[in-house]
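# Descriptive structure summary
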Amino acid sequence: MSGLNPELEAAIRWGDDGLVPAVVQDAVSKEVLMLAYMNRESLAKTLETGETWFWSRSRGELWNKGATSGHKQKVRSIAYDCDGDALLVRVEQIGPACHTGRYSCFHRDVAADGEAGREPAADRFRALNELERVIASRHAERPEGAYTTYLFEKGLDKILKKVGEETAEVIIAAKNRDNGELRYETADLLFHLLVLLRERGLPLDDVLAELESRAGKPTTNKMR
């Protein structure tokens, strides 16, 4: 007996070895953290405990992510794809996901000659996406000497203080009618806001969804 709901067990296309690949994604930054494999028992234990359990193909045994390192993964949601042959596990990652100490196991980029066919609009928020990824990495890895590490270690009050200071700097820059200064200070404010969202575990996608939900609604004193 696997302990799985029979309907769920039947919906997944288990391999001949009884395994299904599980892609693990940071629920906040949306960064892909790792790829592992689950069998029926490990999926059942994951659903039961709210922490990720996998099947080690090399050791031939179940393993609980972070059991020895403390870098556990708290499950936010689990989905399976249209063919039922892969799982997507969204987690709250505590510390680095990779055994090398890196935030994500996917930290080795493949060089490419070019990226033909990219739509210009797709790049508009590339810097913001990259910044969110770097902040998530700093939150997990805490590299010594990094300013973002300093903010996370000082905690919420320090981060809020910086958000307040940068907001004031934006106001001053706007009052000075200096667009160069305003651009610089707005970038600082956005950075510290993303640090705040990461500290609170609130995905930027949720903020964007809130903005989208307001589109077309009657104007209030808070929006447009």
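Figured I'd write up the structure that's included with this text. (Residues numbered from 1 in each chain as written. Predicted model: local features only at pLDDT ≥ 70, side-chain atom pairs only at ≥ 80, totals over all residues. Heavy atoms only, no water.)

## Here we look at the packing of helix 3 (residues 126–141) against helix 4 (residues 147–154)
Viewed as axis vectors pointing N to C, helix 3 and helix 4 meet at an angle of 60°, and their least axial separation amounts to 9 Å. Viewed along their axes, helix 3 and helix 4 adopt a mutual orientation that is oblique. Crossing handedness for the pair helix 3 and helix 4: right-handed. In contact with Ile135, Arg138 and His139 of helix 3, helix 4 contributes Thr148, Thr149 and Phe152. Residue classes in the contact of helix 3 with helix 4 are distributed as two nonpolar, three polar and one charged. (Axes fitted to C-alpha atoms, helices over the stretch in contact; angles between N-to-C directions. Helix = DSSP H or I, 4+ residues; strand = E, 2+ residues; numbered from the N terminus. Parallel < 35°, antiparallel > 145°, perpendicular 65-115°, else oblique. Left-handed = near helix turned anticlockwise from the far one by under 90°. Contact = heavy atoms within 4.5 Å. Nonpolar A, V, L, I, M, F, W, Y, C, P; charged D, E, K, R; others polar.)

## Quick notes on the side chain of serine 56
Here serine 56 lies in strand 3 (residues 53–56). By relative accessible area, serine 56 is classed as buried at 5%. In terms of polar contacts, serine 56 uses its side chain to reach the backbone amide nitrogen of arginine 59, at 3.0 Å. If we ignore the near neighbours within four places in the chain, the residues touching serine 56 are Glu61 and Trp63. (Buried < 20%, exposed > 50% of the residue type's maximum accessible area, 1.4 Å probe, protein only. Polar contact = N/O pair within 3.5 Å; in protein donor to acceptor, adjacent residues only side chain to side chain.)

## Brief notes about the sheet that holds strand 2 (residues 32–38)
Taken together, four strands build an open sheet; the order of strands is 2-1-6-5 and the sheet is mixed. The outermost strands of the open sheet, each flanked by one partner alone, are strand 2 and strand 5 (73–80). Adjacent strand axes in the sheet meet at a mean angle of 25° when their direction is disregarded. Pairing of strand 1 (residues 20–26) with strand 2, which is carried by six bridges, proceeds in the antiparallel orientation. Paired with valine 24 across the bridge in strand 2 is methionine 34. Strands strand 2, strand 5 and strand 6 (87–93) of the sheet are contacted by helix 2 (residues 40–49), whose axis makes an angle of about 120° with strand 5. (Pairing = 2+ DSSP bridges.)

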